[in-house]
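Here are the chains, one letter per residue:
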Amino acid sequence: MTELRCRKTETLMGDKEEDDHQSEPEGHPTHTNGPVNTEDEESVAIGGANGKQQKDEDEVKDEDAHHKQEESNTPEVSAKRSKVSSASGFLQRLVRVFFGCLAAVACGMLYAVYLSTYHDRKFWFSTRQELEREITFQEGSGLYYYYYKHMLTAPSFERGFYELTLDNKTVSGQTINIVERLSLYPELITSFIYRVTNSQDFVEPIYFYVGAVFGLQAVYVTALFVCSWVMSGTWVAGMLAVAWYVINRPDTTRVDHAIPLRDNWALPYFSCQVTALTGFLSNNISSATEMFCYLTMSATTFTFLLVWEHSHYVLFIQGLCLFLLDSFDLVPPRKMADIHKVYLSSLFLAYLFQFQNPTLLSSPLLSLLIGSVLARYFQQKMKMGPLVARVMKLFLHFHLVFTTGITFSYLVKKLIPVSESDFILKFLEVKFGLNTTTDFVTNFLLCQESFQATGQDLFLRLTQASVLPFYFLVLAVCLLSTLQTIYRRLSGQPMKTNLKLEDGRIGEQPEVIYHVFHTLLFGGLVLLFDGMKYLWTPYVCMFTAFGVCSPDLWMTVFKWLKLKSIHPVVLSLILSTAVPTIIGFSLWREYCPRVLAELSDLQEFYDPDTVELISWIRSQAPLAAVFAGSPQLLGTVKLCSGSAVTSLPLYSDVSLLRRSEDTYQVYAMRSAEDVYKILTSHKTNYVIIEESVCNELSINKGCRIKDLLDIANGHVVYDKGEIYSFSKHGRFCQEIKLNYSPYTNYFTRVFWNRSYHVYKVNSVISFQY
């Protein structure tokens, strides 16, 4: 460019000299008075002519070059060049997107195949009979599959749906809307698809159901892949996220042993929603991509609310993350308004589809939205002013939002009584040590593994898989950069929307800031509740994979270190490729043989006692019989026999938990008459006593069923820190096996094996001594 400018300057000077030389004879003719040397004049004339000719040739060459340069700078040529470069750039992006999508779909499909193979090897699923296959649905989750079968055996889909909305064959003495109570929309949709596609001609119902769940897990993994890819800019991050997810499968999903559980249906939609939200928050997207992300986020948010009764609590945590983004002015107000519309419309539609479920009206998510909208209306100038003024306004904003939200929730609960709300508050009081209670239901839930504090085993496993060390590194860098961004925003500095790699400001990307808040809030809940690890660990894998593969993260570190010996941009690009390559190679070398060994290892899962029990119920018990027992066992009884039961394995319903407490009294130190009255109040015909519960041995003595019952019934004595059970009656489940009066007056044993004893509740009391 410098050479062209010099040549252009020389040409202009030559033109000027030529003009002066040509104008000189015309304006000022030369007259000589003395004699003139003819030879000199001739030589001079010849030399001048030759010099002028050479000069003209040089000027012509310079003019040609100048004209060529001007032609090359014309708008037509520039437009042509820009079209060529844009076409080549578009082609490169298209190729990258194609191979990235191909890798994402391949990872999802391979994971689904892996789950199917592992499930078949673990339970010998393909070689079992139908009854044995259904028993493999553990933790009482088979109850959901029963209603899928019911929808397929109904004369029509409409008839089956109507019967489920007015169900009087599940819980004894009650007519309930089982679709609303159990969130059965996954079974309704799956059965509808099975009917419409005529799948009964080529696949069994149970395989179609299991395949649908495994297909959703493939979508789950694909969404994590895409989310990490979108944030880092390379699909290598997606492959690393999937690898970590599969390696840490015991801490990322429960699908391998309890397929029909609601979270196995719901969490894939939440993963898609988080991915769409990540793309929507990004600054470097087109309007068409933003609209696609918005529509995807709307559809997945509504579906997530529809298929899981606890989904609004998860969205409340997500709403807190977005609330912090908006409060610190880290995302455009337009986008926050669109996200609020998504939440409100999804809550409204879910409220209608769940038969006016009052729980959604009193949900913390709706209260947060109402508080945010009102606070934004009253504080329109909150994001203006100096640093101190903005901090004071920010504290006032927090106070206004949460005060308004709590007030709204209180008014809704007064207008529309929600029985679970008071119980949740009491549960949290006991959980955090603010109160103590002898209530069986509260203590029973606190003893569940999902509600207990997370042990060190989780963090040891994540460390061994190399996730946790890199996670802390990525989180530290992103969190410090986010804090810098928050300080700059509160100081009045604008955020850069078109960030470059050289800027080294990973904390100014709204999607990164969201995921920092997301992983911090869910990580805090994991420390309190072990069950939250299934919501936290997958995004730890995704977030860590994004960080180690992102050049922006390494550039941010080098910017802080003020690296000068090596060009930081080049080094960040090298590390963002080398580090994930080394991690991937080490994971492949260590864990690939283990994964293949899992698939080749034939495990033995067989429960002959339960099979014998169900076979007896099918063949000997009346169709209208009502069974009492533990909720998990009753879920299996309902699935395999269709008989009515006294309770269900649903821990989110307080009324069902109270019924479970009544049926658990067979393991308490109660009299035969007391137990008989309790069971007959629920119209029980048969009661099943489990040896594993009656003679339970556990390290945590206070969490055994019989210990919880003794505490609730006041049958305990405290002596020097030890708890001893004491009552004038023996333990019912042990005394009834002795087969003496008065137990034989009220109950008659009709079936027994090593694990179960079934007693018929006598309709007419026979006094035998």
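A. Geometry of the overall build of the protein. From N to C terminus, the protein includes 34 helices and 7 strands. Counting only residues that meet the buried cut, the protein has 49% of its 769 residues in that class. Sequence-distant contacts in the protein: of pairs separated by 6 or more residues, those separated by 24 or more amount to 72%. Accessible surface computed for the protein: about 38300 Å², of which carbon and sulfur atoms make up 61%.

B. Spatial organisation of the pairing of strand β6 (residues 747-752). As paired strands, β6 and strand β7 (residues 756-761) are joined by 5 bridges and run antiparallel to one another. Considered in β7, the bridge of Phe-751 is made with Val-758. Counting the residues in the hairpin turn of β6 and β7 gives 3 residues.

C. Focus on the environment of Leu-656. Mapping Leu-656 onto the fold places it in helix α29 (residues 654-663). Taking the relative accessible area as the measure of exposure, Leu-656 reaches 1% and is therefore buried. In this structure the C-alpha to C-alpha distance between Leu-656 and Thr-646, which are 10 residues apart in sequence, comes to 8.6 Å. Ignoring any residue separated from it by four or fewer positions in sequence, one finds Leu-656 in contact with Val-171, Arg-181, Ser-647, Leu-648 and Leu-650.

D. Expanded view of the state of the cysteines. Within the structure shown, the criterion is met by 2 disulfides. Each sulfur of the disulfide joining Cys-447 and Cys-703 lies 2.0 Å from the other. The sign of the S-S torsion, about -80°, decides the handedness of the disulfide formed by Cys-447 and Cys-703: left-handed. With Cys-447 in the loop between α20 (440-446) and α21 (456-464) and Cys-703 in the loop between α31 (691-694) and α32 (705-713), the pair connects residues that are 256 residues apart, well separated along the chain. On the accessibility criterion, Cys-447 (18% relative accessible area) is buried. One disulfide bridge connects Cys-694 with Cys-733, the sulfur atoms lying 2.1 Å from each other. The disulfide joining Cys-694 to Cys-733 has a torsion of about 80° about its S-S bond and is therefore right-handed. One end of the pair, Cys-694, is in helix α31; the other, Cys-733, is in helix α33 (residues 732-735), and 39 residues separate them in sequence.

The rules behind each value
Residues numbered from 1 in each chain as written. Predicted model: local features only at pLDDT ≥ 70, side-chain atom pairs only at ≥ 80, totals over all residues. Heavy atoms only, no water. Helix = DSSP H or I, 4+ residues; strand = E, 2+ residues; numbered from the N terminus. Buried < 20%, exposed > 50% of the residue type's maximum accessible area, 1.4 Å probe, protein only. Contact = heavy atoms within 4.5 Å. Areas by Shrake-Rupley, 256 points an atom, 1.4 Å probe, with all protein chains shown as cover. Pairing = 2+ DSSP bridges. Disulfide = S-S within 2.5 Å.

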